[in-house]
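The lines below spell out each chain.
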Amino acid sequence: MVTVETERLLLRGWRDDDLDALAAINADPEVMRFILDGSVFDRERSAESLRKIVRDWDDRGFGLFAVEVRGSGEMIGWAGLSVPAFLPEVLPAVEIGWRLARHAWGNGYATEAAGAALRFGFGAAGLDRVISIRHVDNVRSERVMQKLGFVHEFDTVVPGHGQPVAVHAISAGG
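Residues numbered from 1 in each chain as written. Predicted model: local features only at pLDDT ≥ 70, side-chain atom pairs only at ≥ 80, totals over all residues. Heavy atoms only, no water.

Here the focus is the overall build of the protein chain. Across its full length, the protein chain carries five helices and eight strands. Of the regular secondary structure in the protein chain, the N- to C-terminal order runs β-β-α-α-α-β-β-β-α-β-α-β-β. What you see for the protein chain is a C-alpha radius of gyration of 15 Å, in line with the 16 Å of a compact globule of 174 residues. Going through the 174 residues of the protein chain one by one, you find that 49% of them count as buried. Once local pairs closer than 6 in sequence are excluded, the contacts in the protein chain between residues at least 24 apart make up 58%. On the protein chain, roughly 8500 Å² of surface is accessible, and the fraction owed to carbon and sulfur atoms is 49%. With 19 positive and 25 negative side-chain charges, the protein chain shows a separation of 3 Å between the mean positions of the two kinds. (Helix = DSSP H or I, 4+ residues; strand = E, 2+ residues; numbered from the N terminus. Rg over C-alpha atoms; globule rule 2.2 N^0.38 Å. Buried < 20%, exposed > 50% of the residue type's maximum accessible area, 1.4 Å probe, protein only. Contact = heavy atoms within 4.5 Å. Areas by Shrake-Rupley, 256 points an atom, 1.4 Å probe, with all protein chains shown as cover. Lys, Arg positive; Asp, Glu negative; His and termini not counted. Charge placed at Lys NZ, Arg CZ, Asp CG, Glu CD.)

Now the structure itself:
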């Protein structure tokens, strides 16, 4: 499994003991407010999600990294690459995304982790373009996208649940 280090974070593969932290993150209504239809995930849905994350790495050679704070070893969420099948109009595409525990917000971790995952995508994964999709009201994610150099392309609606989203993109080399 690939690992990527930043100044403060370790982006790493998933371990069985990560499920507790992931389930707690996914059960927080504020964290999940702009995800899919805004519903929280129960533990089983988080476990199912974790199994899919591991399969995606096996199938594609890229995926979502567990994000750990260096020094403390605390797993605070995830960041990485996926195929956004929930929004067929953008396919084929690879999306970068992130989800962090609420107590980790406001520290620049999302930008740091997503930036490292983006470099991995353009480097080792050989991608030439990456998109990022956010709920139109998610200004925190919009700020992360702006810091990383993403450019807004268009707004649309997710077919499965009708949520309005904005699609941003960046190409290799800026």
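Every buried residue of helix α1 (residues 19-26) is accounted for by Leu 19, Leu 22, Ala 23, Ile 25 and Asn 26. Viewed end-on, α1 has its buried residues packed into an arc of 160°, placing them on one side of the element. (Arc of directions from axis to C-beta.)

What follows covers the packing of aromatic side chains. In this structure the tally under the stated criterion is three aromatic pairs. Arranged with centres 5.9 Å apart and planes meeting at 50°, the rings of Trp 57 and Phe 120 form a pair that is tilted. Remark: Phe 120 occurs in helix α4 (residues 109-122) and Trp 57 occurs in helix α3 (residues 43-60); sequence separation between them is 63 residues. Both rings, one in Phe 65 and one in Phe 120, keep their centres 5.4 Å apart while their planes meet at 85°; by these two values the pair is edge-to-face. Here Phe 120 lies in helix α4 and Phe 65 lies in strand β3 (residues 64-69), a separation of 55 residues in the sequence. Residue Phe 65 shares its accessibility class with Phe 120, and that shared class is buried. Ring pairing ties together the aromatic residues Trp 57, Phe 65 and Phe 120, which thus form one cluster. Its end group placed over the ring of Phe 41, Arg 45 keeps NZ or CZ at 3.9 Å from the ring centre. The residue whose ring lies beneath Arg 99 is Phe 41, and the NZ or CZ to ring-centre distance is 5.7 Å. (Phe/Tyr/Trp six-rings, centres within 6.5 Å; stacked < 30°, edge-to-face > 60°. Lys NZ or Arg CZ within 6 Å of the ring centre and 35° of its normal.)

Applying the stated criterion across every chain, the model contains 14 salt bridges. Ionic pairing is found between Asp 17 and Arg 15, a salt bridge with its closest N-O pair at 3.3 Å. On the accessibility criterion, Asp 17 (53% relative accessible area) is exposed. When its relative accessible area of 40% is taken as the criterion, Arg 15 is described as partly exposed. Each of Arg 12, Arg 15, Asp 17, Asp 18 and Glu 68 takes part in a single network of salt bridges with overlapping partners. (Salt bridge = Lys/Arg side-chain N within 4 Å of Asp/Glu carboxyl O.)

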